[in-house]
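Descriptive analysis of the structure
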Amino acid sequence: MPSSLESSTPAVKPYHATFRSFAPGDPNEYSIYDVIYRSPITGSLLEVRHDLDALRQHSPDYWKQLIASRAGTTQWPYGSGVWAMREWVAPDLRDENVVSMYEGNTNLFWARRLGEQIGLPDLWVKLSGNSHTGSFKDLGMTVLVSVVKQMIEDGSPVRAVAAASTGDTSAALAAYAAYAGIPAIIFLPQGKVSTAQLIQPVANGAHVLALDTDFDGCMRIVQEVTEDKSIYLANSMNSLRIEGQKTVGIEIVRQFDWEVPDWIVMPVGNLGNISALYKGLKLLMELGITDKMPRLVAAQAGRANPFYRSYLNSFKEKVIIQADPTLATAIQIGNPVSYVKAVQAIEESNGLVEQVTEHELANAAAIADRTGMYACPHTGVALAVMMKLVRRGVIPKQDRVVVISTAHGLKFTAFKVGYHEGDLPGVESQFANPPVYLPADAAIVKETIARKLDL
Ligand SMILES: *Cc1c(COP(=O)(O)O)cnc(C)c1O
């Protein structure tokens, strides 16, 4: 921290954060260092609540300068995009327990050429898959594993961390657990994750259990296994992850010099991340740093669209479905655990939910790739939804729009290969660009190039 900030700092009471029931009806506070995932009274998910009065004793300018002075530097642990906001994330975590690989600080990409093509010049893509394990799950996992480390240091019975995963959660959990030296147990739906996603936890030394079921089936099993308090549940029903994941929205606003974009579009499955996005943006308003909320768009694959269906019934009730296979494997979820939180995010941001087909998501990713991106299928879902909303005039052309790219395309090589070979089910590859196989003959090569370039 620069000394100028330190010396101008008024004395504030120590920052504090506790778990509370997300649903009303339970007035109790629970320690974030206890093994607890739901309110014992309301049965609702928990939510980390921060001491806003303490945080508000600093001015908006103080916070802005403080975070800018830390993020992206090598100051331990503040250089991390998450721990740069440590007072807003897990304030009483001790330095020695922070398990960070300098996550966050991902590039916000001006998608200039894609924006020009679709008539949306102020289009940006937050490349949050450019992260340690290749997805934005790192943001939440650094917080969860850090808290677990402190729990173990302080004598908790926890011996291992566990998660059911569609692939990216397990990769992040395995890496952060390995960095901390804590055993990790991973439950994956057999045959439903990409090779890269399967091999990441294997390489990091996690105990990988591939179950003969889908994600929702793995989720049921992991919840039973973690009833034993020695194994700590790392799924997003664990509200600690939300605290790290919420930093992505704050980081976007910071990258725009604390100006709030008009829209943020994100692919959703279990609905933890859209809830987190809202929570972070709301904190900025509560601290007087911003004065408006972007409109949040939850983008779903039509084959795994329970949230979209709930949206169509005006959120009168939660819809639970059996999700069909989709190319967007990380969001192939039929019973989203953070449903109630996500409804709040959409309603209070004047947001909306939209869905796209397999054909639309794959071609949207390909169009983006042609302008220099390398979009994973989930990012394809968000891009296709964004394009649909621009075409319909729901998103006005002059608005500033951010699409959150949630994973790195390199984790989804089979998706890319299948697209360009034209054999993805339900997809007509409009931009297939297969390699040309030629003999090593200069004349044939020249003739081919001339044809390709229209010379
Ligand atoms: C986890 C994940 C999502 C969706 O996040 P939820 O919190 O499950 O809604 C989207 N894209 C990718 C690549 C993910 O790994």
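Figured I'd write up the structure that's included with this text. In this text the structure is predicted, and so the values were computed from the model without any measurement.

Rules and cut-offs
- Residues numbered from 1 in each chain as written.
- Predicted model: local features only at pLDDT ≥ 70, side-chain atom pairs only at ≥ 80, totals over all residues.
- Heavy atoms only, no water.
- Helix = DSSP H or I, 4+ residues; strand = E, 2+ residues; numbered from the N terminus.
- Polar contact = N/O pair within 3.5 Å; in protein donor to acceptor, adjacent residues only side chain to side chain.
- Contact = heavy atoms within 4.5 Å.
- Near = heavy atom within 4 Å.
- Areas by Shrake-Rupley, 256 points an atom, 1.4 Å probe, with all protein chains shown as cover.
- Salt bridge = Lys/Arg side-chain N within 4 Å of Asp/Glu carboxyl O.
- Core = buried A, V, L, I, M, F, W, Y, C linked by side-chain atoms within 4.5 Å.
- Buried < 20%, exposed > 50% of the residue type's maximum accessible area, 1.4 Å probe, protein only.
- Pairing = 2+ DSSP bridges.
- Right-handed = clockwise from strand over helix to strand, strands pointing away.

**A few points about the side chain of Thr18**
Within the secondary structure, Thr18 is located in strand 1 (residues 17-21). A distance of 3.3 Å separates a polar atom in the side chain of Thr18 from a polar atom in the side chain of Arg20. Excluding residues within four positions of it along the chain, Thr18 makes contact with Glu29, Tyr30, Ile32, Glu47, Val48 and Arg49.

**A short note on the site of the ligand**
Near the ligand you find 15 residues, and of these Lys137, Asp168, Gly269, Asn273 and Thr406 are the closest. Within the contact set of the ligand, an oxygen atom lies 2.8 Å away from a backbone nitrogen or oxygen of Leu271. Asn273 places a side-chain nitrogen or oxygen 2.8 Å from an oxygen atom of the ligand. If the ligand stood free it would expose 380 Å²; the protein chains cover 98% of that surface.

**Observations concerning the pattern of salt bridges**
This structure, assessed with the given rule, holds 19 salt bridges. The closest approach of N and O atoms between Asp61 and Lys64, which form a salt bridge, is 3.8 Å. Of this pair, Asp61 and Lys64 both sit in helix 3 (residues 60-70), 3 residues apart, which is roughly one turn of the helix.

**Considerations on the nonpolar core**
Formed by 107 residues in total, the largest nonpolar core has its most connected members in Trp88, Val145, Leu173, Tyr232, Ile274, Leu277 and Phe307. For this core, the element with the most residues is helix 6 (residues 137-153), which contributes 8 residues. In contact with Ile274, other than residues within four places in its own chain, are Met266, Val268, Leu296, Val297, Ala298, Ala342, Ala345 and Ile346. In this structure, Ala328, Val381, Ala382 and Val427 belong to the second largest nonpolar core, which totals 44 residues.

**Here we look at the pairing of strand 7 (residues 207-211)**
Within a regular strand, the side chains alternate between the two sheet faces. As paired strands, strand 6 (residues 184-189) and strand 7 are joined by 5 bridges and run parallel to one another. Following the sheet pairing, Ile185 is matched in strand 7 by His207. With respect to chirality, the unit in which strand 6 leads through helix 8 (residues 195-203) into the neighbouring parallel strand 7 is right-handed.

**Thoughts on the side chain of Thr326**
Secondary-structure assignment places Thr326 in the loop between helix 13 (306-312) and helix 14 (339-348). Judged by its relative accessible area of 7%, Thr326 is buried. Apart from residues lying up to four places away in sequence, Thr326 is in contact with Ala301, Arg303, Ala304, Gln332, Glu358 and Leu361.

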